[in-house]
Amino acid sequence: IFCACVSRRRVLVRDYAEGDLAQLRHPPGSKVAERCFVRGDLTLTRYCAPSELRAAFEGAGFETETADVEHRTLRNRKEGKLMQRKWISAKFKKPQVPVQG
């Protein structure tokens, strides 16, 4: 991502956060590693904390602008249940590369 990103451009990330309802609903036996699960269609799902996402992007050379967990309470209209959802919303910027010349 870093190489494909133009200087001073941003990468926006929004994904499930650690402890989201989707993580809690995984059936027994689907956990393959810490916070990593296999879904019914055999794809892997990983739920991370903002600090992990921040460390990965900063390790690749990006600057962190924001990396927060958003909490939302949603109502399932069909079943009338309240659902507690968590997302990571983050913004990373590629630093300006000095012009050589």
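Above this text sits the structure in question.
Residues numbered from 1 in each chain as written. Predicted model: local features only at pLDDT ≥ 70, side-chain atom pairs only at ≥ 80, totals over all residues. Heavy atoms only, no water.

Colleague: I'm lost on the nonpolar core in this one. Help?
Modeller: Where a protein is soluble and globular, its nonpolar side chains tend to be buried together. One finds C5, V11, V13, A17, C48, L53, F57, F62, A67, I88, A90 and F92 forming the largest nonpolar core, which totals 12 residues. Where this core is concerned, the elements lending two or more residues are β1 (10-16), α2 (50-59) and β6 (81-93). Per element, the largest residue contribution to this core is three residues, and it comes from β6. Discounting residues that sit within four places of it in the chain, C48 has contacts with Y16, A17, E18, R35, L53 and I88. (Core = buried A, V, L, I, M, F, W, Y, C linked by side-chain atoms within 4.5 Å. Buried < 20%, exposed > 50% of the residue type's maximum accessible area, 1.4 Å probe, protein only. Helix = DSSP H or I, 4+ residues; strand = E, 2+ residues; numbered from the N terminus. Contact = heavy atoms within 4.5 Å.)

Colleague: Which parts of the structure should I look at to understand the sheet that holds strand β4 (residues 44-46)?
Modeller: Across a sheet, paired strands are connected by hydrogen bonds in the backbone, their directions being either parallel or antiparallel. An order of β2-β3-β4 is seen for the three strands of this open sheet, with the pairing classed as antiparallel. Lying at the two open borders of the sheet, with one neighbouring strand each, are β2 (31-33) and β4. Between one strand axis and the next, the sheet turns by 35° as a mean value, whatever way the strands run. Direction of pairing for β2 relative to strand β3 (residues 36-38): antiparallel, over a ladder of two bridges. Looking at the pairing, A33 lines up with C36 of β3. (Pairing = 2+ DSSP bridges. Axes fitted to C-alpha atoms, helices over the stretch in contact; angles between N-to-C directions.)

Colleague: Explanation requested: the side chain of H26 in the structure shown.
Modeller: Relative to the helices and strands, H26 resides in the loop between α1 (21-24) and β2. For H26, a relative accessible area of 16% translates into the label buried. Within the local environment of H26, its side chain forms a polar contact with the side chain of Y47, the two groups lying 3.0 Å apart. H26 has contacts with F37, V38, R39, T45 and Y47, leaving out every residue within four places of it along the chain. (Polar contact = N/O pair within 3.5 Å; in protein donor to acceptor, adjacent residues only side chain to side chain.)

Colleague: When you look at the pairing of strand β5 (residues 63-76) in this model, what are you seeing that I'm missing?
Modeller: Side chains on a regular strand alternate between the two faces of the sheet. For β5 and β6, the ladder comprises 13 bridges, and the chain directions are antiparallel. Across the sheet, residue H71 finds its bridge partner in β6, namely K86. In this structure, the hairpin formed by β5 and β6 is closed by a connection of four residues, where G80 is found at a positive phi of approximately 70°.

Interpretation note: all reported values are geometric properties and have no functional meaning in isolation.
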